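Structure assessment
This is what each chain is made of:
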Amino acid sequence: MKRIVLVLLLAILLPAVLLAGLALRSLRDQELVVESQRTRLLQSGCDGLADRINRFLEDLRVFHEQLVEEIVTEEGDRATTEFDALVRERWSQAAAATVVRDGTTLLTERPEPGSAADRFLTANGEFLTNRRVAEVFQAAPLGALVEAETAAAPKEFRKESESLSASMEKKASAPSKWKVAVPESRGLAPMAAPAPAAAPAPAAAAAPQMTRNVMPMQQRAVSEEGQMADATLSGGAAGNFSSLTPESVDNTQVTSGANEGAVSRLVDGTLHILLWKRHPQDPSLTFWTELDLQAVKMDLAGILAAPPDAAVSSEACFALLDSEGAPAALTRPDFTADWSLPFVASEVGPLLPRWEVAAYLIDPGSLNAAARKVRLTLWIVILALVGAVAIGSVLVARSVGDEMKLAARKTDFVGNVSHELKTPLTSIRMFSELLAGPGAEDPQKTRHYAEILSRESARLSRLINRLLDFSKLDRGEMRLEREPVDLASLVRETVGDLRESVEAAGMTLSLALPDSGGPVVAGDRDALAQIVVNLLGNAVKYASAGKSVEVSLERTQGGAVLSVSDRGPGVPRAHRRRIFERFYRVDDSIHSGIDGSGIGLALCRQIAERHGGSIRHEPRKGGGSVFVLHLPLDS
Ligand code: ADP
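In this report, the structure presented in the accompanying data block is examined.

Cut-offs and rules
- Residues numbered from 1 in each chain as written.
- Predicted model: local features only at pLDDT ≥ 70, side-chain atom pairs only at ≥ 80, totals over all residues.
- Heavy atoms only, no water.
- Helix = DSSP H or I, 4+ residues; strand = E, 2+ residues; numbered from the N terminus.
- Contact = heavy atoms within 4.5 Å.
- Areas by Shrake-Rupley, 256 points an atom, 1.4 Å probe, with all protein chains shown as cover.
- Near = heavy atom within 4 Å.
- Polar contact = N/O pair within 3.5 Å; in protein donor to acceptor, adjacent residues only side chain to side chain.
- 1 Å grid on protein atoms, 1.4 Å probe; cavity = no way out; pocket = protein on both sides within 12 Å on 5 of 7 lines; lining within 4 Å.
- Sits in = over half its atoms within 2 Å of the grid points.
- Pairing = 2+ DSSP bridges.
- Axes fitted to C-alpha atoms, helices over the stretch in contact; angles between N-to-C directions.
- Buried < 20%, exposed > 50% of the residue type's maximum accessible area, 1.4 Å probe, protein only.
- Expected span 1.5 Å × (residues − 1).
- Bend = angle between axes of the 7 residues up to and from the residue.
- Parallel < 35°, antiparallel > 145°, perpendicular 65-115°, else oblique.
- Left-handed = near helix turned anticlockwise from the far one by under 90°.
- Nonpolar A, V, L, I, M, F, W, Y, C, P; charged D, E, K, R; others polar.
- Phe/Tyr/Trp six-rings, centres within 6.5 Å; stacked < 30°, edge-to-face > 60°.

Considering the overall build of the protein
Summing up its helical and strand segments, the protein has 17 helices and 20 strands in all. In the protein, 71% of the contacts between residues at least 6 apart in sequence involve partners at least 24 apart. Summing over all exposed atoms, the protein offers an accessible surface of approximately 32000 Å²; the carbon and sulfur share of this is 56%.

Okay, here's the thing in structure tokens:
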């Protein structure tokens with residue numbers, strides 16, 4: 001039995017559990033793949049939008065270049081003296097403009113205090129006239145420069161330092177997400193990049209790297225894993241640093257080596273996007289125009305209104321975040337979220353420093369909920385399968401165990417039956433030998449021997465008949481003749497036949513039958529009589545020490561009830577239900593000394609059930625057994 005359990009465990013349960021584990025693992029892998037696909041999709045959405053924005057800014061730069069040429073050609077001297085008014089007249093996206101000679105002198109008149117031109121010159125005048133060095137961000141591919149702050153402008157701006165071209169080269173080779181996402185295809189690269197050979201070597205001090213306004217999901221995952229603790233990590237995802245590094249430069253560094261360009265600066269938190277262009281004939285004159293940020297923002301909102309991919313935008317909202325990390329434009333106007341925690345984000349570029357295109361999941365819980373649902377379903381399926389396998393294994397083990405017990409009982413049965421057959425056969429052989437011997441002349445002895453021979457052969461044939469009956473019943477081959485049977489008369493007759501042998505065993509037999517109107521059942525007379533014979537026979541075999549046996553018949557509402565009660569040892573509790581099983585004996589013949597084959601009660605149960613009734617054993621109050629037979633009445 002232990003071996004069977006072991007085989008079931010190794011062959012069925014263990015593989016089932018292993019398969020369940022594999023299924024769960026592959027589900028987790030699947031989830032990771034889906035997650036990374038989504039991340040890539042949304043990241044490319046952000047990159048695409050950032051790319052569009054940069055192209056738009058490039059268009060503005062090209063437009064400015066053409067506009068200046070047009071004004072210079074058409075307006076002659078007015079182009080330098082009234083440049084501010086001329087530009088704003090022709091270009092609604094221009095906020096203010098000025099002209100600078102030799103990078104040191106403003107050629108436009110002092111504007112009205114409080115006007116846009118006044119604000120422009122207040123913020124940028126010193127930088128444009130080369131009186132102040134500015135801390136800028138530099139993006140080599142675009143050649144655009146960005147000033148982070150001017151408040152603490154260093155006085156030693158004439159100090160020799162690393163060359164601009166060298167620092168730009170350094171920037172170009174530095175790992176930058178922005179550069180990867182938006183390659184030279186933007187076409188901005190050559191616009192203001194000074195030829196390294198032609199560039200002077202002014203001061204260019206590197207400012208510290210700036211962290212981004214947002215913490216996209218990948219960076220959060222990295223920092224949650226504690227990798228941020230490593231102080232040696234720099235840039236890239238781990239530190240969530242901006243890919244735009246500030247550099248300190250002056251105006252001549254911006255305009256040298258090119259004819260036009262674009263610069264953006266963050267002055268006291270306010271963004272200034274400046275476009276410049278040299279006079280086509282007089283290179284000492286530089287035309288500067290500041291873009292109207294509000295007008296530009298409206299155009300950017302238009303860009304976001306047409307998101308890159310309908311499939312992507314259905315599950316995420318894209319936002320253009322300004323340098324303060326606040327949304328300047330959204331693909332879904334009503335959407336709101338913690339703007340600092342997007343799913344993914346891309347920095348726009350040097351003309352919009354610290355601006356980001358960020359993607360936010362519209363329903364962040366949906367991903368987890370769907371994954372949870374799939375995981376739960378899988379768990380249920382796995383548990384159901386493992387449960388089914390476990391229950392199946394237990395059932396198989398039990399049925400195999402039952403079969404093994406039955407096989408053992410059959411072996412006992414053969415031993416018991418042989419023992420039962422042997423006893424009458426031995427008597428028959430012995431007395432037939434005596435009959436043939438010298439004592440046979442004595443007629444008295446001869447009669448006695450003949451009586452014994454007849455009794456023993458009758459016992460033998462009873463036993464064989466019982467075995468045959470049982471085997472027929474067991475195989476369902478026994479035909480029962482149905483007829484109305486008056487149970488009272490049947491019991492009276494059968495008990496009468498057996499009374500002698502019961503009393504011969506030293507027992508008193510009492511019979512209680514209904515006075516009149518005894519129960520009538522539809523059944524086979526001989527088969528029903530067989531039940532009474534078996535029960536009384538058992539009482540004699542096992543309960544003769546109790547000295548009495550009572551047989552009673554009653555008619556109840558439910559049917560006929562026949563009870564056979566004795567005062568014998570009773571049946572131990574553990575065996576009570578099992579004594580009706582085939583070949584089951586509490587003690588076998590060899591050990592108990594009582595003949596039997598374990599089929600008597602099984603036969604009784606088969607007959608009772610074939611008549612629609614039942615039979616059970618009950619312990620008798622005061623000791624002994626009661627066998628109760630229920631039979632339905634003949635309708
Ligand atoms: P058998 O008598 O041939 O062994 P049965 O099926 O008639 O087979 O009985 C099954 C077992 O039930 C017996 O071995 C015996 O242990 C127990 N048994 C039956 N009748 C009685 C009884 N009246 N008192 C005690 N034990 C009984």
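Some words on the site of the ligand
Around the ligand sit 18 residues in total, of which Asn538, Tyr542, Arg585, Ser597 and Leu601 are the nearest. Between the ligand and the protein, one listed contact pairs an oxygen atom with a side-chain N or O atom of asparagine 538 at 2.9 Å. Here the ligand, which alone exposes 530 Å², has 97% of that area covered by the protein. According to the grid-proximity analysis, the pocket containing the ligand is the second largest pocket. The set of elements that each furnish at least two residues to the shell around the ligand consists of α15 (525-543), α17 (600-610) and β20 (625-631).

Quick word on the sheet that holds strand β10 (residues 316-321)
Reading across the sheet, the four strands line up as β11-β10-β13-β12 and stay open at both edges, with antiparallel pairing between neighbours. At either end of the open sheet lies a strand with only one pairing partner, and these are β11 (327-330) and β12 (344-349). Neighbour to neighbour, the strand axes of the sheet diverge by 25° on average, direction disregarded. Strand direction decides the pairing type here: β12 and strand β13 (residues 352-361), joined by five bridges, are antiparallel.

A closer look at the environment of leucine 352
Inspection of the secondary structure puts leucine 352 in strand β13. On the basis of relative accessibility, which here comes to 1%, the residue leucine 352 falls in the buried class. C-alpha of leucine 352 to C-alpha of isoleucine 53: the two residues are 299 residues apart in sequence and 9.3 Å apart in space. Setting aside residues up to four positions removed in sequence, leucine 352 forms contacts with Ile53, Leu57, Ser264, Leu271, Ile273 and Leu300.

Considering helix α1 (residues 2-75)
With 74 residues, α1 ought to run about 110 Å at 1.5 Å a step, and its terminal C-alpha atoms sit 107 Å apart, in line with that. Along α1, the largest kink reaches about 35° and is centred on leucine 9. Glycine 76 sits one or two residues past α1 and shows a positive phi near 60°.

Here's the deal with the pairing of strand β19 (residues 614-619)
Summarising the sheet, β19 and β20 pair through six bridges and their orientation is antiparallel. Bridge pairing links arginine 616 to valine 628 in β20. Once β19 ends, the chain turns through five residues before running back antiparallel as β20, passing glycine 622 with a positive phi of about 85°.

With respect to the packing of helix α13 (residues 443-474) against α17
For any two helices packed against each other, one specifies the crossing angle of their axes together with the interaxial distance. Relative orientation of the contacting elements α13 and α17 amounts to 45°, with a least axis distance of 10 Å. Comparing the axis directions of α13 and α17 gives the class oblique. Classified by chirality, the crossing of α17 by α13 is left-handed. Between α13 and α17, the contacting residues are Arg466, Asp469, Phe470, Leu473 and Asp474 on the first element and Gly600, Ala602, Leu603, Gln606, Ile607 and Arg610 on the second. Taken together, the residues of the contact of α13 with α17 sort by class into five nonpolar, two polar and four charged.

Some remarks on the packing of aromatic side chains
How two aromatic rings sit relative to each other is given by the distance of their centres and the angle of their planes. Enumeration according to the criterion identifies ten aromatic pairs in this entry. Between the aromatic rings of tryptophan 276 and tryptophan 288, the centroid separation amounts to 6.2 Å while the plane-to-plane angle is 35°, which identifies the pairing as tilted. Linking tryptophan 276 in strand β8 (residues 270-278) with tryptophan 288 in strand β9 (residues 285-291), this pair joins segments that are twelve residues apart in sequence. When the centroid spacing of 5.1 Å and the interplanar angle of 90° are considered together, the rings of tryptophan 339 and tyrosine 360 count as edge-to-face. Linking tryptophan 339 in the loop between β11 and β12 with tyrosine 360 in strand β13, this pair joins segments that are 21 residues apart in sequence. By the burial criterion, tryptophan 339 is buried, and tyrosine 360 matches it. Three or more aromatic residues joined by ring pairs make a cluster, and in this case those are Phe335, Trp339 and Tyr360.

A short note on the sheet that holds β19
The five strands lie next to each other as β15-β17-β18-β20-β19, forming an open sheet whose pairing is mixed. On the outer flanks of this sheet lie β15 (508-512) and β19, each paired with one strand and no other. Across the sheet, the axes of successive neighbouring strands diverge by a mean angle of 15°, strand direction being ignored. Its contacts with the sheet put helix α14 (residues 487-504) on β15, β17 (548-555), β18 (560-566) and β20, and the angle it makes with β15 is roughly 175°.

Shape descriptors only; they carry no functional weight alone.
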